[in-house]
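# Analysis of the macromolecular model
Chain by chain, the residues run as shown.
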Amino acid sequence: MPQTPPKFVILDRDGVVNLDSDQFIKTPDEWVPIDGSLEAIAALNQAGYRVVLASNQSGIGRGLFEMSALNAMHEKMHTLLARLGGRVDAVFFCPHTAADGCDCRKPKPGMLEQISERFGIELRGVPIVGDSLRDLEAGVAVGCAPHLVRSGKGQKTLDQGALPPGTQVHDDLLAFARWLTGNGGAQRPPTHSAG
Ligand SMILES: [Mg+2]
Ligand SMILES: [Zn+2]
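Quick notes on the rules
Residues numbered from 1 in each chain as written. Chains lettered and ligands numbered in written order. Predicted model: local features only at pLDDT ≥ 70, side-chain atom pairs only at ≥ 80, totals over all residues. Helix = DSSP H or I, 4+ residues; strand = E, 2+ residues; numbered from the N terminus. Rg over C-alpha atoms; globule rule 2.2 N^0.38 Å. Buried ≥ 20, exposed ≤ 12 C-beta atoms within 10 Å, placed from the backbone. Contact = placed C-beta atoms within 7 Å. Core = buried A, V, L, I, M, F, W, Y, C linked by C-beta atoms within 7 Å. UniProt positions renumbered as here; feature names shortened; annotations may be inferred.

## Regarding the overall build of the protein chain
- Tallying secondary structure elements over the protein chain gives 7 helices and 7 strands in all.
- Start at the N end of the protein chain and walk to the C end: the helices and strands fall as β-α-β-α-α-β-α-β-α-β-α-β-α-β.
- Relative to the globule expectation of 16 Å for 195 residues, the C-alpha radius of gyration of the protein chain, 15 Å, shows essentially globular dimensions.
- Expressed as a percentage of its 195 residues, the buried residues of the protein chain come to 42%.
- Once local pairs closer than 6 in sequence are excluded, the contacts in the protein chain between residues at least 24 apart make up 64%.

Next comes the structure, spelled out in structure tokens:
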């Protein structure tokens, strides 16, 4: 019998929770939530899901912004979320550039392994939501269920095809949350899928 996955959801940040920018998100002012994304996190929490972020932040490694700026962005997120009764339990991030050859930069699964260790959970079947192929690839490497949103780079990612088998596609994080909570967390087979 397959085990029921723990009630966790892992989210990419840029393009999923907040608006993305090719110029990087470098300040709290530039950190602007996507419509409905914070409400989606609160709804997931209400349905019993713990929400954790796993985000590549190579802007740190490139010297575009400091850790203090990243912390300030996340303070803004936590504050806005708290007003809605929502919370993110942890933000995991990779500060490295591709040239660093680290184990945590997605599509490597290092951050997800850190989440598994920190919370003492198996990730098999846990949904991972991203707007880039590398988010889904990192998730699939540790047995997560891949979910692509069309927000951020998501539509472009969808147009490029080659998504991992079983990837489910949602308009945005709110649509994903409605899907997951509407299922009562039962993780039924996809109603529509790509790949
Ligand atoms: Mg992204
Ligand atoms: Zn890294």
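Having put the structure on the table, let's press on.
## Focus on the nonpolar core
- I10, L44 and L173 are the most contacted members of the largest nonpolar core, which has 47 residues in total.
- Other than its neighbours up to four places away in sequence, I10 contacts V52, A54, L112, I115, V126, I128, G139 and C144.

## Structural notes on the UniProt feature "site: Contributes to substrate recognition" (unreviewed entry) in the protein chain
- Per the UniProt entry, the sites bearing "site: Contributes to substrate recognition" (unreviewed entry) are R105 in this numbering.
- Take R105: it is sitting in the loop between β3 (90-94) and α4 (110-119).
- Judged by local crowding, R105 falls into the buried class, with 22 C-beta atoms found within 10 Å.
- Discounting residues that sit within four places of it in the chain, R105 has contacts with N56, C94, H96 and A98.

## Concerning helix α5 (residues 133-141)
- Residues L133, D135, L136, A138 and G139 constitute the buried set of α5.
- Those residues of α5 that are buried are in contact with β1 (8-11), α4, β4 (127-130), β5 (145-149), α6 (154-160) and β6 (167-170).
- Looking one or two residues beyond α5, the residue adopting positive phi is G143, at roughly 85°.

## Quick look at the UniProt feature "binding site: Mg(2+)" (unreviewed entry) in the protein chain
- As annotated in UniProt, the feature "binding site: Mg(2+)" (unreviewed entry) corresponds to D12, D14 and D131 in the numbering used here. Annotated residues spanning 120 residues; largest pairwise C-alpha distance 8.2 Å, indicating a single compact cluster.
- Leave out the neighbours within four places in its chain, and D12 touches A54, S55, V129, G130, D131, S132 and D135.
- Non-local contacts of D14, meaning those with residues more than four positions away in its chain, are made with D20, I25, S55 and G152.

## Remarks on helix α1 (residues 37-46)
- Counted residue by residue, α1 has 7 buried out of 10 residues, so it is predominantly covered.
- Among the residues of α1, S37, L38, A40, I41, A43, L44 and N45 are the ones counted as buried.
- Directly beyond the C-terminal end of α1, a positive phi value near 95° is found at G48.

## A closer look at the environment of E75
- Positionally, E75 belongs in helix α3 (residues 67-83).
- Between the C-alpha atoms of E75 and V9, which are 66 residues apart in sequence, the distance is 20 Å.

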